[in-house]
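Coordinate inspection notes
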There are 2 protein chains.
Amino acid sequence: MTLYQDLALRLGEHIKHGFYQIGDRLPSVRQLAQEYSVSISTVQEAYRQLEQERLVEARPKSGYFVSQPYQHDNLPTISRPPQRPLEVSQWEEVLNMLMIRSEKLGIQLQHAMPNMQAPTLKPLLKTLADLSKQHPQLGLGYGDVRGTIELREQICRLTVASGCQLHPDDLVITSGCQEALSVCLRAVAEPGDIIAIESPGFYGAMQAIKAAGLKVMEIPTHPETGISLEALELALDQWPIKAILATPTCNNPMGYTMPEEQKKRLFKLAQSYDITIIEDDIYGDISYQFPRPKTIKSFDSDGRVLMCSSFSKTIAPGMRVGWMAPGRYRDKVTHIKYVSSSMCPTLPQLAIAKFIRLGGYDKHIRQMRQHYEQQRDHMLTAINTYLPKGTRVSFPSGSFVLWVELNLPIDCLELVKTCREHGISLAPGPIFSSTGKYRNCLRINYSQLKPHERENGIRSLARLIDEFTSTKKTKSQLT
Amino acid sequence: MTLYQDLALRLGEHIKHGFYQIGDRLPSVRQLAQEYSVSISTVQEAYRQLEQERLVEARPKSGYFVSQPYQHDNLPTISRPPQRPLEVSQWEEVLNMLMIRSEKLGIQLQHAMPNMQAPTLKPLLKTLADLSKQHPQLGLGYGDVRGTIELREQICRLTVASGCQLHPDDLVITSGCQEALSVCLRAVAEPGDIIAIESPGFYGAMQAIKAAGLKVMEIPTHPETGISLEALELALDQWPIKAILATPTCNNPMGYTMPEEQKKRLFKLAQSYDITIIEDDIYGDISYQFPRPKTIKSFDSDGRVLMCSSFSKTIAPGMRVGWMAPGRYRDKVTHIKYVSSSMCPTLPQLAIAKFIRLGGYDKHIRQMRQHYEQQRDHMLTAINTYLPKGTRVSFPSGSFVLWVELNLPIDCLELVKTCREHGISLAPGPIFSSTGKYRNCLRINYSQLKPHERENGIRSLARLIDEFTSTKKTKSQLT
Ligand SMILES: Cc1ncc(COP(=O)(O)O)c(C=O)c1O
Ligand SMILES: Cc1ncc(COP(=O)(O)O)c(C=O)c1O
């Protein structure tokens with residue numbers, strides 16, 4: 001970290017912690033240079049960065065002031081999906097994305113992969129290597145189909161932070177959150193049934209709905225408060241919806257966290273229509289709020305909430321360790337989990353259990369939360385700086401992905417292909433819809449790149465969008 | 001290995017390789033003692049062991065002779081399952097078996113687990129530990145949903161031995177054979193469809209059929225030649241069967257290998273009724289025949305065979321590495337695999353690929369085949385010696401499980417519970433049926449125990465059967 005970045009970080013924290021209030025005048029450049037024994041230009045550089053992060057604004061002739069917090073005036077619009085149950089399409093597009101070999105990703109803004117270079121992961125990797133070396137036999141036999149007791153105990157501890165009181169017997173370990181979602185869907189619904197989901201929504205969940213022979217009912221979703229309960233209630237009145245599948249905390253792709261009151265109302269709604277909720281909490285632990293937001297599961301008084309999660313976003317997806325807390329569906333879920341892949345590998349479970357037990361996990365996610373929050377601010381700055389006027393962008397409350405809505409007549413499936421040819425990979429909006437909507441949208445990851453790579457990436461993206469729209473214009477002028 | 005075991009092994013091999021023919025007189029005890037420079041009693045001990053293995057017989061006053069090969073006169077009867085499609089029951093019993101913690105297994109004759117103490121596995125475990133230590137990052141990211149190319153290439157090489165010519169693109173890696181079976185079933189059939197299976201058959205496949213909302217049609221099965229093609233044809237005429245799921249090579253639980261001609265006829269039958277075959281080849285590589293038997297997949301001229309397998313029986317189930325060669329269902333299978341657990345962990349795949357590439361796998365299974373064949377003979381001897389008269393037992397052509405049919409009015413679900421209380425775990429017959437048939441049957445594993453433990457186990461089993469039948473008699477006399 002350079003001197004100016006360090007200074008910007010400190011000042012930024014003073015501001016975030018209220019040491020300087022909104023509208024306060026900040027120390028002059030000269031004062032700060034003296035106080036921190038750095039050069040004038042270092043302070044100027046630091047202020048410039050804080051300006052970019054929208055924490056500070058310069059007022060001509062009077063100096064620097066703490067600015068109003070981020071103005072959510074360019075959030076994506078509330079979605080308006082088709083108002084009837086539909087079959088999920090878009091598999092080809094998802095597959096295209098999955099098949100790209102990671103060496104070929106270039107500037108990786110595509111996959112929702114966490115930062116896996118973090119030094120705070122080292123103790124976990126060491127435990128795993130030690131176990132492999134010293135107790136390889138532990139990895140060989142069949143184990144408990146519900147997963148190791150060691151890990152289930154630690155997950156019970158973790159979920160206290162989200163307001164849950166679970167017993168190890170309430171949990172089943174899975175091959176990632178994907179298996180958890182798939183198993184829970186099959187446990188609560190029969191082919192032909194309708195599942196209500198947020199729109200836009202996670203493509204893996206939608207494809208699982210498709211594969212289980214279910215239909216999807218996309219519900220209008222607000223970029224700050226999540227699934228519209230009014231629209232959901234209308235849909236519940238009109239269609240025999242079997243379950244709601246939602247990611248209400250640090251949503252993928254929109255980044256919102258549904259306010260606690262809304263979560264309670266959603267649970268009540270499920271109760272009054274007697275349907276189940278599949279709650280995907282995969283990003284919950286990397287919310288930027290502290291303490292982390294409560295889950296809907298924490299209000300589950302009658303076992304109708306099946307919570308699904310994994311360590312794919314908090315640790316690493318390659319571990320393939322997830323879990324579900326299936327409430328009253330436990331027995332059915334255990335059966336389906338057994339038939340779908342029998343038990344999960346033991347060593348990763350034991351290594352993660354130890355990582356949590358010894359405090360490594362808490363430390364890791366504390367750092368990651370901070371890191372991602374900073375990266376979000378940088379990414380927002382880059383987007384606001386470089387992408388075309390009128391672009392709307394989500395304001396993630398956690399996780400490490402954001403949602404961009406271009407105010408241009410652009411087909412993002414085409415745009416993403418072009419970007420790929422130029423060494424930038426992005427997730428196209430339509431895969432987050434059952435019907436291929438959101439053609440003018442992109443999901444962008446901000447977990448992994450260094451600031452200058454990220455800035456370059458977004459700048460190149462801007463250039464490609466520009467070329468794209470102008471060739472299009474040329475083409476349509478020609479034809 | 002003691003001196004006499006060593007000697008018995010050598011003599012046994014001379015006999016198996018035809019150096020001595022059936023009926024030949026073998027060298028006298030004195031001759032052998034001189035030739036091998038061992039004591040008279042060592043030779044006597046060796047001959048006693050060969051007698052137990054039924055390779056040799058002593059004729060009073062004339063010495064030892066090569067005996068007739070094992071007489072298949074006490075094989076299980078051909079099965080007679082219900083003659084209509086049914087829903088699968090028996091999940092409770094399977095779950096009971098799965099939930100027992102391995103520390104509590106006592107004498108483990110229950111799980112179909114391979115011998116995982118084999119020194120020939122060491123190179124694999126070392127590679128895995130090295131990878132974990134030196135390249136932990138490889139285990140962290142999302143990989144190709146079809147599995148690593150390295151492993152798919154090696155599996156193509158391996159399957160040449162079973163008559164296949166596959167390309168890496170024809171394969172998808174799975175979390176064990178269980179996931180492969182589950183995915184393939186969902187790819188070829190819709191809820192309500194009927195799947196024909198062998199009877200008795202693998203419980204995991206039956207439970208996957210249940211979970212997918214399918215019905216099962218159990219087909220009479222011969223203990224030496226497998227599923228009855230005549231009965232199958234009748235069933236195909238009578239019911240709209242969608243697919244056949246079979247384990248034709250080293251069947252679990254019966255141990256037979258369907259003759260090649262029968263396999264070809266089965267494929268033709270599938271062609272003429274235009275249905276698919278899901279072929280479970282999980283034990284194929286540990287057939288005692290060399291070269292190993294061909295798969296039905298090897299005759300698959302039009303892509304209607306979906307082959308499923310894993311390294312769970314050849315290496316270790318805890319690795320959770322399996323695969324499928326889904327023929328013309330590849331795209332659908334890839335979709336269902338993706339939704340059911342996304343991709344599989346990378347490091348075990350890379351370690352196994354290297355193990356195969358460097359010849360470690362071939363060496364390992366060569367040894368395991370020999371080892372299991374010997375253990376089979378010991379186990380058969382123990383069973384024939386100790387279990388009640390009239391007991392029928394299968395003659396496995398590979399794998400490490402056998403099927404015992406007691407000629408007694410005994411409920412093996414009860415028997416298995418009693419055995420468990422006495423520190424012996426066994427798999428009860430009814431879990432291999434959709435309706436709870438085979439109540440007088442047990443499946444017994446012979447992969448893991450030392451000869452004396454195994455003998456003790458079978459002796460205790462015999463005693464418990466005896467007590468069980470007499471208390472039953474007493475009880476029924478009392479009531
Ligand atoms: C909301 C959400 N749920 C589930 C998953 C799948 O997680 P896993 O890799 O643990 O299967 C993802 C991964 O992208 C996700 O974003
Ligand atoms: C015939 C058969 N198929 C499939 C399986 C499941 O194998 P895996 O552990 O690789 O999922 C087994 C395991 O017992 C089996 O015996």
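Note that residues are indexed from 1 along each chain, following the sequence as it is written. Chains and ligands are labelled by the order in which they are written, letters from A for the one and numbers from 1 for the other. Whole-chain, interface and lining totals are the exception, using all residues; otherwise, since this is a predicted model, local features are given only for residues with pLDDT of at least 70 and side-chain atom pairs are given and counted only at 80 or more. Only hydrogens and water are removed before side-chain values are computed, so all heavy atoms of the structure are retained for them.

With an unreviewed UniProt entry as reference, chain A is termed Putative HTH-type transcriptional regulator YjiR, source organism Marinomonas spartinae. UniProt positions are given in the numbering used here, feature names are shortened, and annotations may be inferred rather than shown by experiment. Checking UniProt for chain A, the heading Sequence similarities (unreviewed entry) contains the comment "In the C-terminal section; belongs to the class-I pyridoxal-phosphate-dependent aminotransferase family."

Right, let's get into the pattern of salt bridges. Residue and element names in this part refer to chain A. A pair is scored as a salt bridge if a Lys or Arg side-chain nitrogen falls within 4 Å of a carboxyl oxygen belonging to Asp or Glu. Under the definition given, this model contains 46 salt bridges over all chains. Here E45 makes a salt bridge to R48, at a shortest N to O gap of 3.7 Å. Taken together, the residues span about one helical turn, with E45 and R48 both in helix α3 (residues 40-52) at a distance of three residues. Notably, a salt bridge pairs D281 with R292, separated by 2.9 Å at the nearest N-O pair. Here the residue D281 occupies a position in the loop between β9 (276-280) and β10 (305-310), and R292 occupies one in the loop between β9 and β10, the gap between them amounting to eleven residues. Judged by relative accessible area, R292 falls into the buried class, the value being 9%. Through salt bridges with shared partners, a single network forms among D144, R146, R152 and D169. Only runs of H or I of at least four residues qualify as helices and only runs of E of at least two qualify as strands under DSSP, and these elements are numbered from the N terminus. Think of it in three bands: with a 1.4 Å probe and only protein chains considered, a residue is buried below 20% of the maximum accessible area for its type, exposed above 50%, and partly exposed in between.

With that settled, consider the domain arrangement of chain A. Segmentation of the chain into domains, including their bounds, is taken from an automatic or database domain assignment. Per the domain assignment, the segments of chain A are domain 1 (3-66), domain 2 (102-117 + 362-478) and domain 3 (121-360). On a C-alpha basis, the centres of domain 1 of chain A and domain 3 of chain A stand 42 Å from each other.

Here the focus is the site of ligand 2. As a matter of local geometry, ligand 2 sits amid 14 residues, with Y142(A), N252(B), D280(B), S310(B) and S312(B) nearest to it. Flanking ligand 2 are residues from chains A and B. Here an oxygen atom of ligand 2 sits 2.8 Å away from a polar atom, N or O, in the main chain of C177(B). Surface accessibility in these figures is a Shrake-Rupley result with a 1.4 Å probe; residues are shielded only by whichever protein chains are displayed. If ligand 2 stood free it would expose 400 Å²; the protein chains cover 97% of that surface. Element by element, the count of residues in the shell around ligand 2 is highest for helix α7 (residues 176-188) of chain B, at four residues. Classes in brief: Ala, Val, Leu, Ile, Met, Phe, Trp, Tyr, Cys and Pro nonpolar; Asp, Glu, Lys and Arg charged; the others, Gly included, polar. The residue inventory of the shell around ligand 2, partitioned by class, reads six nonpolar, five polar and three charged. Here, proximity means that at least one heavy atom of the residue falls within 4 Å of the molecule or strand. Nitrogen and oxygen atoms within 3.5 Å of one another constitute a polar contact, given that in protein one can donate a hydrogen and the other can accept it, and given that sequence-neighbouring residues count only through two side-chain atoms.

Turning our attention to the side chain of Q207(A). Relative to the helices and strands, Q207(A) is located in helix α8 (residues 203-211). Of the polar contacts made by the side chain of Q207(A), one reaches the side chain of H335(B); its length is 2.8 Å. Residues count as neighbours in contact if any of their non-hydrogen atoms are within 4.5 Å of one another. Those residues in contact with Q207(A), other than ones at most four positions away along the chain, are V88(A), S89(A), Q90(A), W91(A), V94(A), H335(B), Y338(B) and V339(B).

All names here are of chain A. Angles here are taken between N-to-C directions and fall from 0 to 180 degrees, while the axes themselves are lines fitted to C-alpha atoms, restricted in helices to the stretch in contact. For the pair helix α1 (residues 3-16) and α3, the least separation of the axes is 8 Å and the interaxial angle reads 55 degrees. Taken together, the axes of α1 and α3 lie oblique to each other. For α1 against α3, the interelement crossing comes out right-handed. On α3, the residues that touch L3, Y4, Q5, L7, A8, L11 and G12 of α1 are T42, V43, E45, A46, Y47, Q49 and L50. Partitioning the contact of α1 with α3 into residue classes produces nine nonpolar, four polar and one charged. Angles below 35 degrees are treated as roughly parallel, those above 145 as roughly antiparallel, those between 65 and 115 as roughly perpendicular, and all remaining angles as oblique. Put simply, a crossing is left-handed when the front helix is turned counterclockwise from the back one by less than a right angle, and right-handed when it is turned clockwise.

In this section: the side chain of S199(A). All names here are of chain A. Along the chain, S199 turns up in strand β5 (residues 194-199). For S199, a relative accessible area of 0% puts it in the buried group. A distance of 2.5 Å separates polar atoms of two side chains, one belonging to S199 and the other to E218. Aside from chain neighbours lying at most four places away, what touches S199 is S79, P81, E218, I219, T221 and Y438.

A few words on the packing of helix α11 (residues 330-341) of chain A against helix α8 (residues 203-211) of chain B. With their axes 9 Å apart at the nearest point, α11(A) and α8(B) run at an angle of 125 degrees to one another. Comparing their axes, α8(B) and α11(A) come out oblique. Considering only the axes of α11(A) and α8(B), their crossing is left-handed. Taking contact as the criterion, the partners of H335(A), Y338(A) and V339(A) in α11(A) are, on α8(B), Y203(B), G204(B), Q207(B), A208(B), K210(B) and A211(B). Of the residues contributing to the contact of α11(A) with α8(B), the split by class is five nonpolar, three polar and one charged.

We now examine the interface of chain B and chain A. Taken together, the 56 residues of chain B in the interface contact 55 residues of chain A. Buried surface at the junction of chain B and chain A, summed over both partners, amounts to about 4,600 Å²; 64% is from carbon and sulfur atoms. The largest share of the area that chain B buries against chain A comes from L140(B), Y142(B) and Y338(B), three residues that together contribute 16% of it. Counting across the interface, chain B meets chain A through zero salt bridges. Counting across the interface, chain B meets chain A through 20 residue pairs in polar contact (both at pLDDT 80 or more). The quantity reported as buried area is the accessible area (1.4 Å probe) lost by two parts once they are put together, taken as the sum for both.

A few words now on the site of ligand 1. Near ligand 1 you find 14 residues, and of these N252(A), D280(A), S310(A), S312(A) and Y142(B) are the closest. Neighbouring residues of ligand 1 are distributed over chains A and B. Between an oxygen atom of ligand 1 and a side-chain N or O atom of K313(A), the distance comes to 2.8 Å. In the environment of ligand 1, an oxygen atom lies 2.9 Å from a nitrogen or oxygen atom belonging to the side chain of R320(A). Protein chains shield 97% of the accessible area of ligand 1, which is 400 Å² for the free molecule. Tallying contributions element by element places helix α7 (residues 176-188) of chain A first for the shell around ligand 1, with four residues.

Once that is clear, we can look at the environment of V56(A). All names here are of chain A. When you line up the elements, V56 lands in strand β1 (residues 56-59). For V56, a relative accessible area of 4% puts it in the buried group. A C-alpha to C-alpha distance of 30 Å links V56 and C441, two positions 385 residues apart in sequence. Not counting the four nearest positions on each side in its chain, V56 is found in contact with I15, L26, Y47, L50, E51, Y64, F65 and S67.

Attention now moves to the sheet that holds strand β3 (residues 107-109) of chain B. Residue and element names in this part refer to chain B. In this analysis, strands are considered paired if DSSP registers two or more bridges between them. An order of β3-β14-β15-β13-β12 is seen for the five strands of this open sheet, with the pairing classed as mixed. Of all strands in the sheet, those with a lone pairing partner are β3 and β12 (392-393), marking the two edges. Of the pairings in the sheet, the one linking β3 to strand β14 (residues 424-428) comprises three bridges and is parallel in character. In the sheet register, Q108 faces β14, and the bridge partner there is S425. Strands in contact with helix α13 (residues 360-386) are β3, β12, β13 (401-405) and β15 (441-445); relative to β13, the strand with the most contacts, it is inclined by about 15 degrees.

Disulfides are defined in this document as cysteine sulfur pairs within 2.5 Å. Following the criterion strictly, the structure yields zero disulfides over all chains and no others. Counting only cysteine sulfurs, C441(B) is the nearest neighbor of C412(B), a cysteine outside any disulfide, at a range of 6.7 Å.

Values of pLDDT, ranging from 0 to 100, describe the predictor's confidence in every residue of the model. The share of residues in chain A with pLDDT of 70 or more is 97%, and the mean pLDDT across the chain is 93. Complex prediction metrics read pTM 0.88 and ipTM 0.87.

Soluble globular proteins tend to pack their nonpolar side chains together in the buried interior. Membership of the largest hydrophobic core comes to 119 residues, with the highest contact counts inside it found for F311(A), I315(A), L415(A), I444(A) and L461(A). Setting aside residues no more than four positions away along its own chain, L461(A) makes contact with L387(A), L415(A), C419(A), I424(A), L426(A), L442(A) and I444(A). Throughout this description, the term nonpolar core refers to a set of buried Ala, Val, Leu, Ile, Met, Phe, Trp, Tyr and Cys residues connected via side-chain atoms within 4.5 Å. W91(B), F355(B), V393(B) and I444(B) belong to the second-largest nonpolar core, a separate cluster that totals 118 residues.

A few words now on the pairing of β5(A). Residues and elements named next belong to chain A. When you tally the buried positions in β5, you get six out of six residues, the bulk of the element. Both β5 and strand β6 (residues 215-222) contribute to a ladder of six bridges, which runs parallel. Each bridged residue has a counterpart across the sheet, and for S199 the counterpart in β6 is P220. Crossover handedness is defined here as right-handed if the route from the first strand over the helix to the second strand goes clockwise, with the strands pointing away from the viewer. Note that the unit made of β5, α8 and β6 has a crossover that is right-handed.

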